[in-house]
Amino acid sequence: MRPMNDTLARFRIRKICVYCGSGSGRNPAFAKAARALGRNLAEAGIGLVYGGGSLGLMGEVARSVLNRGGHVTGIIPTFLSQREQMLVEAQELIMVDDMHQRKHLMFVKSDAFVALPGGIGTLEELVEQLTWSQLGQHHKPIVLVNIDGYWDPLLVQFERMKEEHFIRPGLELNVIVVDRVARVIPAIEKTYPPLSEAAEDQVEAEVSVKF
């Protein structure tokens, strides 16, 4: 799976990919955060790209976007369509053959990535984007939302990797850590240089020619 050109993504935020659990977790703050993020995305006119399920935090963030008139793109493998109970209300629901296609499409369709609390799948998706970024394969912002310290053990492990020189100078992790969803969109916006309307049109035209 090779990351696609992300030139346009660096100039305008249209869609944000959210990784999160298909379960809700024990802490009610996780679901509350998912709903708040969905509301913030819709109010900012930013579309949601996610795994397509209706359960857990995935369902919470997607329904929150829909309830406020926002746009949802769900991408789900056929074999998970019943297990994760795909959200049929999504405006764009894409069924793919496997997890590799799912992750690739989520990457292509997104301008930034946000990880809420979740399990192994969420962690794997987050780490893959961090790896691609670390190796210079994309420059899209990656935000880790550390609700109630959920990701603290992971952040400690990252620091241990640095101490042991497995994360070396020149291979730093490009991750933005926030402790509340209200800081997600502002944090992403800070990474994008402003462009004039004419410049945006030019970038769109260049990307259209390539693809």
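Presented here is an overview of the structure given in this document. All of these numbers come straight from a predicted model, not from anything done at the bench.

### Here's the deal with the overall build of the protein
Logical step 1: Counting secondary structure elements, the protein contains 7 helices and 7 strands.
Logical step 2: Residue burial in the protein is summarised as follows: out of 211 residues, 46% are buried.
Logical step 3: Look at the contacts in the protein between residues 6 or more apart in sequence, and 73% of them connect residues 24 or more apart.
Logical step 4: Summed over its atoms, the accessible surface of the protein is roughly 10,700 Å², and 52% of this surface lies on carbon and sulfur atoms.

### Notes on the pattern of salt bridges
Logical step 1: Scanning all chains against the criterion turns up 9 salt bridges.
Logical step 2: The partner of Lys 103 in a salt bridge is Glu 128, with the nearest N and O atoms 3.6 Å apart. One end of the pair, Lys 103, is in helix α3 (residues 99-108); the other, Glu 128, is in helix α4 (residues 120-134), and 25 residues separate them in sequence.
Logical step 3: On the basis of relative accessibility, which here comes to 9%, the residue Lys 103 falls in the buried class.
Logical step 4: A relative accessible area of 17% places Glu 128 in the buried class.

### Let's talk about the pairing of strand β3 (residues 72-77)
Logical step 1: Burial within β3 is extensive, with 6 of its 6 residues counted as buried.
Logical step 2: Along β3, one buried face is formed by Val 72, Gly 74 and Ile 76 and the opposite face, lined by Thr 73, Ile 75 and Pro 77, is buried too.
Logical step 3: Two elements, strand β2 (residues 47-50) and β3, share 3 bridges in a ladder whose sense is parallel. Its bridge partner lying in β3, Val 49 is registered against Thr 73.
Logical step 4: The parallel pair β2 and β3 is bridged by helix α2 (residues 56-67), and the resulting crossover is right-handed.
Logical step 5: Sheet topology note: the β3/strand β4 (residues 92-96) ladder contains 5 bridges and is parallel. Among the inter-strand pairings, Thr 73 is bridged to a residue of β4, identified as Glu 92.

### What to know about the environment of Ile 94
Logical step 1: Here Ile 94 is to be found in strand β4.
Logical step 2: Overall, the relative accessible area of 18% leaves Ile 94 in the buried class.
Logical step 3: Ile 94 sits 11 residues away from Leu 105 along the chain, and the two C-alpha atoms are 9.3 Å apart.

### Overview of the packing of α3 against α4
Logical step 1: Orientation of α3 relative to α4, taken along the N-to-C sense of each, is 55 degrees, at an axis distance of 12 Å. Taken together, the axis directions place α3 and α4 in an arrangement best described as oblique. For the crossing formed where α3 meets α4, the hand is right-handed. Across the interface between the two elements, Lys 103, Met 106 and Phe 107 of α3 pack against Glu 124, Glu 125, Glu 128, Gln 129 and Trp 132 of α4.
Logical step 2: Residues that form the contact of α3 with α4 fall into these classes: 3 nonpolar, 1 polar and 4 charged.

### Here we look at the packing of aromatic side chains
Logical step 1: Within this structure, the stated rule accounts for 5 aromatic pairs.
Logical step 2: On the basis of an interplanar angle of 10 degrees and a centroid distance of 5.8 Å, the ring pair of Phe 107 and Phe 113 is categorised as stacked.
Logical step 3: Look at Phe 107 and Trp 132: their rings are 5.2 Å apart centre to centre, the planes differ by 85 degrees, and that puts the pair in the edge-to-face class. With Phe 107 in helix α3 and Trp 132 in helix α4, this residue pair connects regions lying 25 residues apart in the sequence. One exposure class covers both Phe 107 and Trp 132, and it is buried.
Logical step 4: One aromatic cluster is present, formed by Tyr 19, Phe 107, Phe 113 and Trp 132 through successive ring pairs.
Logical step 5: Looking at Lys 140, its charged tip hangs above the ring of Phe 107, at a distance of 3.9 Å from the centre.

Reading guide: rules and limits
- Residue positions within a chain follow its written sequence, with the count starting from 1.
- Reporting of local features is limited, given that this is a predicted model, to residues whose pLDDT is at least 70; pairs of side-chain atoms are given and counted only at 80 or more, and all residues count toward the totals for whole chains, interfaces and linings.
- For side-chain calculations, the full set of non-hydrogen atoms in the structure is used, while hydrogens and water are omitted.
- Secondary structure follows DSSP: runs of H or I at least 4 residues long count as helices, runs of E at least 2 residues long count as strands, and numbering of each begins at the N terminus.
- Buried residues are those whose accessible area, probed at 1.4 Å on protein chains only, stays under 20% of the maximum for their type, while exposed residues exceed 50% and partly exposed ones sit between those limits.
- The contact criterion used is simple: two residues touch if any of their non-hydrogen atoms lie within 4.5 Å.
- Accessible surface is estimated by sampling points in the Shrake-Rupley manner with a 1.4 Å probe; for residues, cover comes only from the protein chains shown.
- What counts as a salt bridge is simple: a side-chain nitrogen of Lys or Arg found within 4 Å of a carboxyl oxygen of Asp or Glu.
- For two strands to count as paired, DSSP must find a minimum of two bridges between them.
- Note on handedness: a clockwise path from strand one over the helix to strand two, with the strands aimed away from the viewer, defines a right-handed crossover.
- Interaxial angles span 0 to 180 degrees and are taken between N-to-C directions of axes, which are lines fitted to C-alpha atoms, for helices over the stretch in contact.
- Angle categories are assigned with fixed cut-offs, so that under 35 degrees is roughly parallel, over 145 is roughly antiparallel, 65 to 115 is roughly perpendicular, and the rest are oblique.
- Left-handed is the label given to a crossing in which the near helix is rotated counterclockwise from the far helix by less than a right angle, and right-handed is the label when the rotation is clockwise.
- Each residue is assigned to one of three groups, with Ala, Val, Leu, Ile, Met, Phe, Trp, Tyr, Cys and Pro labelled nonpolar, Asp, Glu, Lys and Arg labelled charged, and all others, Gly among them, labelled polar.
- For Phe, Tyr and Trp, where Trp contributes only its six-membered ring, two rings pair if their centres lie within 6.5 Å, and the inter-plane angle classes them as stacked under 30 degrees, edge-to-face over 60, or tilted in between.
- Any Lys NZ or Arg CZ found within 6 Å of a ring centre and within 35 degrees of that ring's normal is scored as a charge over the ring.

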